[in-house]
Amino acid sequence: MPIRSASARWEGNLTEGSGTVKTGKGGLQGAYSFKSRFEEGEGTNPEELIAAAHSGCFSMAFSKGLADAGFTPTSVETVAKVHMDKVDGGFGVTRIDLETVGDVPGIADDLFQKIAIGAKENCPISKLLSPGAEIGLVAKLA
């Protein structure tokens, strides 16, 4: 498997400075700042990038699980909401809520839910994040 990378450059102090992040192959690039991370400023932040990685990983894992069960999804759309809270004198990612909607012709809801739970537990990003953050899931059929 290839090794994936991303980079970040920060200039200035914490509250007044700014930076840019980009993925290794240049697919994503964006500005970030104290305001985009801790307030409502323009730009991205590390938590949004974690949310993007988790929603993408989960959607792919869910699609595979559905296919393994004999169902070809028309689409799987997932939103990941990353919660950052004050913990032990600092900040930490404490919870990630996955909200997914699958358009999966012919599947019963109980099987859909079972496969969604399996994808949540087994996608590589969930495995990485779950020791430190609680991961919630709401899965709905379209």
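Residues numbered from 1 in each chain as written. Predicted model: local features only at pLDDT ≥ 70, side-chain atom pairs only at ≥ 80, totals over all residues. Heavy atoms only, no water.

S.K.: Run through helix α3 (residues 109-122), naming residues and quoting values.
M.R.: The terminal C-alpha atoms of α3, which comprises 14 residues, lie 20 Å apart, in line with the 20 Å expected from a rise of 1.5 Å per residue. All buried positions along α3 are accounted for by Phe112, Ile115, Ala116, Ala119 and Lys120. Looking straight down α3, one finds that the buried residues subtend no more than 140° of arc, so they occupy a single side. Exposed residues pointing more than 90 degrees away from the buried face of α3 are listed as Asp110 and Lys114. Buried positions along α3 lie against α2 (46-68), β5 (90-103), α4 (124-129) and β6 (134-141). (Helix = DSSP H or I, 4+ residues; strand = E, 2+ residues; numbered from the N terminus. Expected span 1.5 Å × (residues − 1). Buried < 20%, exposed > 50% of the residue type's maximum accessible area, 1.4 Å probe, protein only. Arc of directions from axis to C-beta. Contact = heavy atoms within 4.5 Å.)

S.K.: With reference to specific residues and values, describe the side chain of threonine 100.
M.R.: Structurally, threonine 100 is set in strand β5. With relative accessibility at 1%, the residue threonine 100 sits in the buried group. A polar side-chain atom of threonine 100 sits 2.9 Å from a polar atom in the side chain of threonine 78. In contact with threonine 100, other than residues within four places in its own chain, are Phe58, Phe62, Val76, Glu77, Thr78, Leu137, Val138, Ala139 and Lys140. (Polar contact = N/O pair within 3.5 Å; in protein donor to acceptor, adjacent residues only side chain to side chain.)

S.K.: Outline the state of the cysteines, listing residues and values.
M.R.: By definition, a disulfide is the covalent link that joins the sulfur atoms of two cysteine residues. Following the criterion strictly, the structure yields 0 disulfides and no others. Distance from the sulfur of cysteine 123, which forms no disulfide, to the nearest cysteine sulfur (cysteine 57) is 3.3 Å. The buried category is assigned to cysteine 123, whose relative accessible area is 0%. (Disulfide = S-S within 2.5 Å.)

S.K.: If you had to explain the packing of α2 against α3 to someone new, which residues and values would you point to?
M.R.: Where α2 contacts α3, the two axes come as close as 8 Å, and the packing angle between them is 135°. Comparing the axis directions of α2 and α3 gives the class oblique. Remark: the crossing between α2 and α3 carries right-handed chirality. Along the contact surface, α2 presents Phe58, Ala61, Phe62, Gly65 and Leu66, while α3 presents Phe112, Ile115, Ala116, Ala119 and Lys120. Residues belonging to the contact of α2 with α3 are distributed by class as follows: 8 nonpolar, 1 polar and 1 charged. (Axes fitted to C-alpha atoms, helices over the stretch in contact; angles between N-to-C directions. Parallel < 35°, antiparallel > 145°, perpendicular 65-115°, else oblique. Left-handed = near helix turned anticlockwise from the far one by under 90°. Nonpolar A, V, L, I, M, F, W, Y, C, P; charged D, E, K, R; others polar.)

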